[in-house]
Amino acid sequence: MATELAAEIRVELSVNGEPVHAVVPVRRLLADFLRDDLGLTGTHVGCEQGVCGACTVDLDGAPVRSCIVLAVQADGASVRTVEGLARDGVLSQMQAAFKEHHALQCGFCTPGFLMTLSTVDPADYPGAEGIREALSGNLCRCTGYGGIIAAVESVWGESP
Ligand code: FES
Ligand code: FES
């Protein structure tokens, strides 16, 4: 006898430090859950196939592409989005560096860059080449990357 699969599942997780309880369709993508169900529209959706990195969020300390992760896979996890970076209206150090170094133009890619950077240990990516490698999974169509690299260097203390 075939087993009937549940169409919806209850999930409990933490999002930006706040507990979230929800019933989600099993096929709901994490990006859609964050944006449409929780109203956290800072997570952007570009390619929808895991290539551009715009949808990157922090899932238990690791950067994941929320356009190819199911919401049910975040059950029991701690998720952080770009909305969770600033504290009491004060930008994180990296956000402030992006602002100072003009590391964004349209800003569509920016949340993904910031969330990738928030999960990366600079010690694993030394030097200017290391920064480029750390960011190689995030695409930007506007800046030419110069301002982004400069912003990261200013925080990580690396010179070109
Ligand atoms: Fe997820 Fe491009 S929208 S990687
Ligand atoms: Fe426009 Fe990066 S600032 S895509």
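What counts and what doesn't
- Residues numbered from 1 in each chain as written.
- Chains lettered and ligands numbered in written order.
- Predicted model: local features only at pLDDT ≥ 70, side-chain atom pairs only at ≥ 80, totals over all residues.
- Heavy atoms only, no water.
- Pairing = 2+ DSSP bridges.
- Helix = DSSP H or I, 4+ residues; strand = E, 2+ residues; numbered from the N terminus.
- Axes fitted to C-alpha atoms, helices over the stretch in contact; angles between N-to-C directions.
- Contact = heavy atoms within 4.5 Å.
- Patch = residues over 30% accessible without salt bridge, like charges linked within 9 Å, V, L, I, M, F, W, Y side chains within 5 Å.
- Areas by Shrake-Rupley, 256 points an atom, 1.4 Å probe, with all protein chains shown as cover.
- Salt bridge = Lys/Arg side-chain N within 4 Å of Asp/Glu carboxyl O.
- Buried < 20%, exposed > 50% of the residue type's maximum accessible area, 1.4 Å probe, protein only.

Draft legend 1. Structural view of the sheet that holds strand β4 (residues 62–65). The sheet built from 5 strands is open, its strands ordered β2-β1-β5-β3-β4 with mixed pairing. Looking at which strands have only one partner, the edges of the open sheet turn out to be β2 (18–25) and β4. Shown here is a sheet whose adjacent strand axes are inclined to one another by a mean of 40 degrees, direction ignored. Across 2 bridges, strand β1 (residues 8–15) lies against strand β5 (residues 78–80) in parallel orientation. In the strand pairing of β5, V15 is matched with V79. Contacting β1, β2, β3 (56–59) and β5, helix α1 (residues 30–37) runs over the sheet at an angle of about 115 degrees to β2. Its contacts with the sheet put helix α3 (residues 110–119) on β3, β4 and β5, and the angle it makes with β3 is roughly 30 degrees.

Draft legend 2. Spotlight on the side chain of T43. Along the chain, the position of T43 falls in the loop between α1 and β3. Non-local contacts of T43, meaning those with residues more than four positions away in its chain, are made with L34, R35, C55, V57, S66, T81, V82 and E83.

Draft legend 3. Up close: a nonpolar patch on the surface. A grouping of V51, L139 and Y145 is seen on the molecular surface, where their side chains present a nonpolar patch of about 250 Å² in accessible area. Mapped onto the elements, V51 comes out in the loop between α1 and β3. By relative accessible area, V51 is classed as partly exposed at 47%.

Draft legend 4. The pattern of salt bridges, seen in detail. All chains considered together, the criterion is met by 3 salt bridges. D36 is paired through a salt bridge with R28; the nearest N and O atoms lie 4.0 Å apart. Since its relative accessible area comes to 52%, D36 is described here as exposed. Relative accessible area serves as the criterion here: at 21%, R28 is assigned to the partly exposed category. Taking the shortest distance from any N to any O, the salt bridge between D37 and R28 comes out at 2.9 Å. Under the relative-accessibility criterion, D37 is labelled partly exposed at 39%. Linked through salt bridges whose partners overlap, the residues forming this network are R28, D36 and D37.

Draft legend 5. Structural detail: the pairing of β4. For β3 and β4, the ladder comprises 4 bridges, and the chain directions are antiparallel. When the bridges of β4 are listed, V57 appears paired with V64.

Draft legend 6. Summary view of the pairing of β2. Of the strand pairs in this sheet, β1 and β2 are connected by 8 bridges, and their pairing is antiparallel. In the strand pairing of β2, E12 is matched with H21. Hairpin remark: β1 followed by β2, antiparallel, with 2 residues in the connecting loop; positive phi at N16, about 50 degrees.

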